Amino acid sequence: MRVLGVDPGLTRCGVGVVEGVAGRPLTMRGVGVVRTPADAELGLRLVAVEQGIERWLDEYRPEFVAVERVFSQHNVRTVMGTAQASAVAMLCAARRGIPVALHTPSEVKAAVTGSGRADKAQVGAMVTRLLRLDAPPKPADAADALALAICHIWRAPAQNRLQQAVAQNRLQQAAALHAAQAAPQAAPHHASKGRTA
């Protein structure tokens, strides 16, 4: 499984590609940051983020894109920029038919470090260890993007089983509903025959 992790941001959008399967050593394929100038017009910054992510999708051709789920912070302006960059990443993936998964920061921290309250230094250290790197990726946005990809690879098997179970349950409910709807229609038909006989 090859996953592009995206740590969304307007000034620095972290990107990282990890390949592997749960339970086996993982391999980093690439890591970096898509940058935009803080003084540029918003629309142009979003275009720059889109172009950057498109280049990563072209080069690495991931099977999944994992994006950090935006959560409410005190700084509304920061949240807005993060949400806009996140939407651009999801749009780029959706346009290519690549499945997108959203993971909260605490989910990512818990998956990578074992604690949902780990700080950036702990996340960077664990990413370095898990991917057998010489040093933590810089800046922290890049390490966070790799952590998102790792989180998705490790969580995907459980999520897939859950989705399959939900899909199977829906299928059974639809079949039961169809059978229930078909039964009453048959009864009046026979009754009307009985009256005319």
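Rules used throughout
Residues numbered from 1 in each chain as written. Predicted model: local features only at pLDDT ≥ 70, side-chain atom pairs only at ≥ 80, totals over all residues. Heavy atoms only, no water. Helix = DSSP H or I, 4+ residues; strand = E, 2+ residues; numbered from the N terminus. Buried < 20%, exposed > 50% of the residue type's maximum accessible area, 1.4 Å probe, protein only. Contact = heavy atoms within 4.5 Å. Areas by Shrake-Rupley, 256 points an atom, 1.4 Å probe, with all protein chains shown as cover. Pairing = 2+ DSSP bridges. Salt bridge = Lys/Arg side-chain N within 4 Å of Asp/Glu carboxyl O. Core = buried A, V, L, I, M, F, W, Y, C linked by side-chain atoms within 4.5 Å. Phe/Tyr/Trp six-rings, centres within 6.5 Å; stacked < 30°, edge-to-face > 60°. Axes fitted to C-alpha atoms, helices over the stretch in contact; angles between N-to-C directions. Parallel < 35°, antiparallel > 145°, perpendicular 65-115°, else oblique. Left-handed = near helix turned anticlockwise from the far one by under 90°. Nonpolar A, V, L, I, M, F, W, Y, C, P; charged D, E, K, R; others polar.

Caption draft 1: The arrangement of the overall build of the chain in detail. What the chain contains, in helices and strands, is five helices and five strands. Scanning the chain from its N terminus toward the C terminus, one meets helices and strands in the order β-β-β-α-β-α-β-α-α-α. Burial statistics for the chain: of 197 residues in total, 36% are counted as buried. Restricting the contact set of the chain to residue pairs at least 6 apart, pairs at least 24 apart contribute 62%. Carbon together with sulfur atoms contributes 56% to the accessible area of the chain, which is approximately 11400 Å² in total.

Caption draft 2: Structural detail: the pairing of strand S4 (residues 64–68). Among the five residues of S4, four are classified as buried, and the element is accordingly described as predominantly covered. Note that strand S1 (residues 2–7) and S4 share four bridges and pair parallel. If you follow Gly 5 over to S4, its bridge partner there is Ala 66.

Caption draft 3: Up close: the pattern of salt bridges. Scanning the entire structure with this criterion turns up nine salt bridges. Where Arg 29 meets Glu 19, a salt bridge forms, and the shortest distance between an N and an O atom there is 2.7 Å. In this pair, Arg 29 is assigned in strand S3 (residues 27–35) and Glu 19 in strand S2 (residues 12–19), connecting sequence segments 10 residues apart. Among the residues examined, Arg 29 registers a relative accessible area of 40% and is labelled partly exposed. Arg 96 is the salt-bridge partner of Asp 58, the closest N and O atoms lying 2.7 Å from each other. In this pair, Asp 58 sits in helix H1 (residues 42–60) while Arg 96 sits in the loop between helix H2 (76–95) and strand S5 (100–103), placing the two residues 38 residues apart along the sequence. For Asp 58, a relative accessible area of 42% puts it in the partly exposed group.

Caption draft 4: Examining the pairing of S1 more closely. Most of S1 sits inside the fold, with six of its six residues counted as buried. Alternating positions in S1 separate into two faces, Arg 2, Leu 4 and Val 6 on one and Val 3, Gly 5 and Asp 7 on the other, with burial throughout. The pairing of S1 with S2 spans six bridges and is classified as antiparallel. Of the residues in S2, the one forming a bridge with Val 6 is Val 15. As consecutive antiparallel partners, S1 and S2 are separated by four residues.

Caption draft 5: Looking closely at the nonpolar core. Of all hydrophobic cores here, the largest spans 19 residues; its most connected members are Leu 4, Val 6, Ile 53, Trp 56, Leu 57 and Val 65. Broken down by secondary-structure element, the contributors of at least two residues to this core are S1, S2, H1, S4 and H2. Sorting elements by how many residues they give to this core places H1 first, with five residues. If you look at the next biggest cluster of nonpolar residues, it comprises 17 residues, including Val 3, Val 108, Ala 147 and Ile 150.

Caption draft 6: View of the packing of aromatic side chains. Within this structure, the stated rule accounts for one aromatic pair. Seen from their ring centres, Trp 56 and Tyr 60 are 5.1 Å apart, and the 25° between their planes marks the pair as stacked. Linking Trp 56 with Tyr 60, this pair stays in helix H1, spanning four residues, or about one helical turn. As far as the burial class goes, Trp 56 and Tyr 60 line up, both buried.

Caption draft 7: Local environment of the packing of helix H3 (residues 105–113) against helix H4 (residues 120–130). The contact between H3 and H4 brings their axes to 9 Å, and the two run at 50°. With respect to H4, the axis of H3 lies oblique. Of the two elements, H3 crosses H4, and the hand of that crossing is left-handed. Packed against H3, whose contacting residues are Lys 109, Val 112 and Thr 113, the element H4 presents Gln 122, Val 123, Met 126, Val 127 and Leu 130 at the interface. Looking at side-chain class alone, the contact of H3 with H4 contains five nonpolar, two polar and one charged residues.

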